[in-house]
Amino acid sequence: MKKDYSRRDFLKVTGAAALVAAAAGCGLATEPTSAFADASTDGTYTVTANVYVDKADTPIGKNAYVTNSGNPPRNKPTSPVYNNATLVIKDGKKLLTVPIVNDTFGILSIADTSTDGVVSVVGTTETAWKAPFPWTTPYANRIATITFDVTNFAAGTSVATFSPSKEFATFPLYRGDKAWNLHLVADLSAAQ
């Protein structure tokens, strides 16, 4: 079936094409689009999730993201990372596995359940821990991944707090065992 387009439709299409061509010609950076799925059906998805120590607890006065690999003093782990976690949905249950990559603030243990009881830790894995040169750690291993049951977690701007948790800071000015709360934020609405 042939569809007749109005002059207005024609102008919209050609105007959009001209805008894209102009942006490309000016050297403007454009992000590639990627397909996002509604993370509500059974499957495995890539999502954004971050675990951090709140700025009220850290001596640097900013959130310290243990999901960010930055190591002070040059690269501070003060910004979240994106598309780093795996969400598995099966039979209505949602399990979120978050990689913990920071070697300056090593997580040694995390509470089993968030303080509000909504999110639980269902498993962790460990990795051999070598602190950034020239610092050291008295611990041979640190947590490498945490798997959370987020079935009842609202996500988005919601924060799940885990207390008590135990970390070790290798950075010389703040070196030592810490009992800082850990916080989970996640965007589970748009998944890849």
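Thresholds, definitions, all that
Throughout, a residue's number is its position along its own chain's written sequence, starting from 1. Per-residue local features are limited, in this predicted model, to residues with pLDDT of at least 70; the limit for side-chain atom pairs, both in listing and counting, is 80 or more; totals at the level of whole chains, interfaces and linings are taken over all residues. With hydrogens and water excluded, all non-hydrogen atoms of the structure serve as input to the side-chain values. Segments assigned H or I by DSSP are reported as helices when at least four residues long, segments assigned E as strands when at least two residues long, and all are numbered from the N terminus. Exposure classes here rest on a 1.4 Å probe applied to the protein chains alone. A residue is buried below 20% of its type maximum, exposed above 50%, and partly exposed in between. Residues are treated as being in contact if the distance between any of their heavy atoms lies within 4.5 Å. Within this scheme, the nonpolar core is defined by two criteria: the residues are buried Ala, Val, Leu, Ile, Met, Phe, Trp, Tyr or Cys, and they are joined through side-chain atoms within 4.5 Å. Aromatic pairing here means that ring centres of Phe, Tyr or Trp (its six-membered ring) are within 6.5 Å. Orientation follows from the plane angle: under 30 degrees is stacked, over 60 is edge-to-face, and everything else is tilted. As used in this structure description, the phrase polar contact means that two N or O atoms lie within 3.5 Å; if the pair is within protein, one of them must be able to donate a hydrogen and the other to accept it, and residues adjacent in sequence are counted only when both atoms belong to side chains. Following DSSP output, two strands are said to pair if at least two bridges run between them. In this analysis, axes come from line fits to C-alpha atoms, helices being fitted only over the stretch in contact, and the angle between any two N-to-C directions falls in the range 0 to 180 degrees. A score between 0 and 100, pLDDT records how confident the predictor is in each residue. Throughout this description, the term salt bridge denotes a Lys or Arg side-chain nitrogen within 4 Å of a carboxyl oxygen of Asp or Glu.

1. Notes on the overall build of the chain
And step 1. In terms of helices and strands, the chain carries one helix and 13 strands.
And step 2. Counted from the first residue to the last, the chain has its helices and strands arranged as α-β-β-β-β-β-β-β-β-β-β-β-β-β.
And step 3. Counting all 192 residues of the chain, 37% fall into the buried class.
And step 4. The contacts in the chain between residues at least 6 apart in sequence include a share of 69% that link residues at least 24 apart.

2. Section: the nonpolar core
And step 1. Within the largest apolar cluster, 33 residues are counted, with the highest numbers of intra-cluster contacts made by V51, L96, V98, F148, V150, F162 and L184.
And step 2. When contributions to this core are tallied by element, the ones reaching two or more residues are strand 2 (43–53), strand 4 (85–90), strand 5 (93–99), strand 6 (105–109), strand 8 (141–149), strand 9 (160–162) and strand 12 (182–187).
And step 3. Ranked by the residues each element gives to this core, the list is headed by strand 2, at five residues.
And step 4. V98 has contacts with A49, V51, T67, N84, A85, A144, T145, I146, F148 and L184, leaving out every residue within four places of it along the chain.

3. Thoughts on the packing of aromatic side chains
And step 1. In the structure shown here, the tally under the stated rule is seven aromatic pairs.
And step 2. Measuring from ring centre to ring centre gives 6.2 Å for W129 and F168, while their planes differ by 80°; the resulting arrangement is edge-to-face. One end of the pair, W129, is in the loop between strand 7 (120–128) and strand 8; the other, F168, is in strand 10 (residues 166–169), and 39 residues separate them in sequence.
And step 3. Taking the centre distance of 5.5 Å and the plane angle of 65° together, the rings of Y139 and F168 count as edge-to-face. Of the two residues, Y139 is situated in the loop between strand 7 and strand 8 and F168 in strand 10; the sequence distance between them amounts to 29 residues.
And step 4. When its relative accessible area of 24% is taken as the criterion, Y139 is described as partly exposed.

4. Points about the side chain of N63
And step 1. Counting through the fold element by element, N63 comes out in the loop between strand 2 and strand 3 (64–65).
And step 2. A distance of 2.9 Å separates a polar side-chain atom of N63 from the backbone nitrogen of K55.
And step 3. Filtering out sequence-adjacent residues up to four positions away, N63 remains in contact with Y52, V53, D54, K55, P77 and T78.

5. Structural notes on the sheet that holds strand 10
The pairing of strands in a sheet happens through backbone hydrogen bonds and is either parallel or antiparallel.
And step 1. Judged by pairing direction, the sheet is antiparallel, and its three strands sit side by side in the order 6-10-11 without closing on themselves. If you trace the sheet from one side to the other, it starts and ends with strand 6 and strand 11 (176–178), each paired once. Strand-to-strand twist across the sheet, computed as the mean angle between neighbouring axes with direction ignored, equals 30°.

6. Overview of the pairing of strand 4
A regular strand places its side chains so that they alternate between the two faces of the sheet.
And step 1. In strand 4, alternate side chains face the same way, and those of A85, L87 and I89 are buried while those of T86, V88 and K90 on the opposite face are not.
And step 2. Pairing of strand 4 with strand 5, which is carried by five bridges, proceeds in the antiparallel orientation. When the bridges of strand 5 are listed, K90 appears paired with K93.
And step 3. Turn length for the strand 4-strand 5 hairpin, with the two strands adjacent in sequence and antiparallel, is two residues, and the turn residue D91 shows positive phi of about 55°.

7. Observations concerning the confidence of the model for the chain
And step 1. Here the chain averages 82 in pLDDT, while 78% of its residues score no lower than 70.
And step 2. Across residues 1–37 the pLDDT falls below 50, and counting only partners more than four positions away or on other chains, this stretch makes eleven contacts in the model.

8. Thoughts on the pattern of salt bridges
And step 1. In this structure the tally under the stated criterion is two salt bridges.
And step 2. Notably, a salt bridge pairs D149 with K93, separated by 3.7 Å at the nearest N-O pair. Placement of the pair is D149 in strand 8 and K93 in strand 5, with a sequence separation of 56 residues.
And step 3. On the basis of relative accessibility, which here comes to 42%, the residue K93 falls in the partly exposed class.
And step 4. Between D103 and R142 there is a salt bridge whose closest N-O contact spans 2.8 Å.

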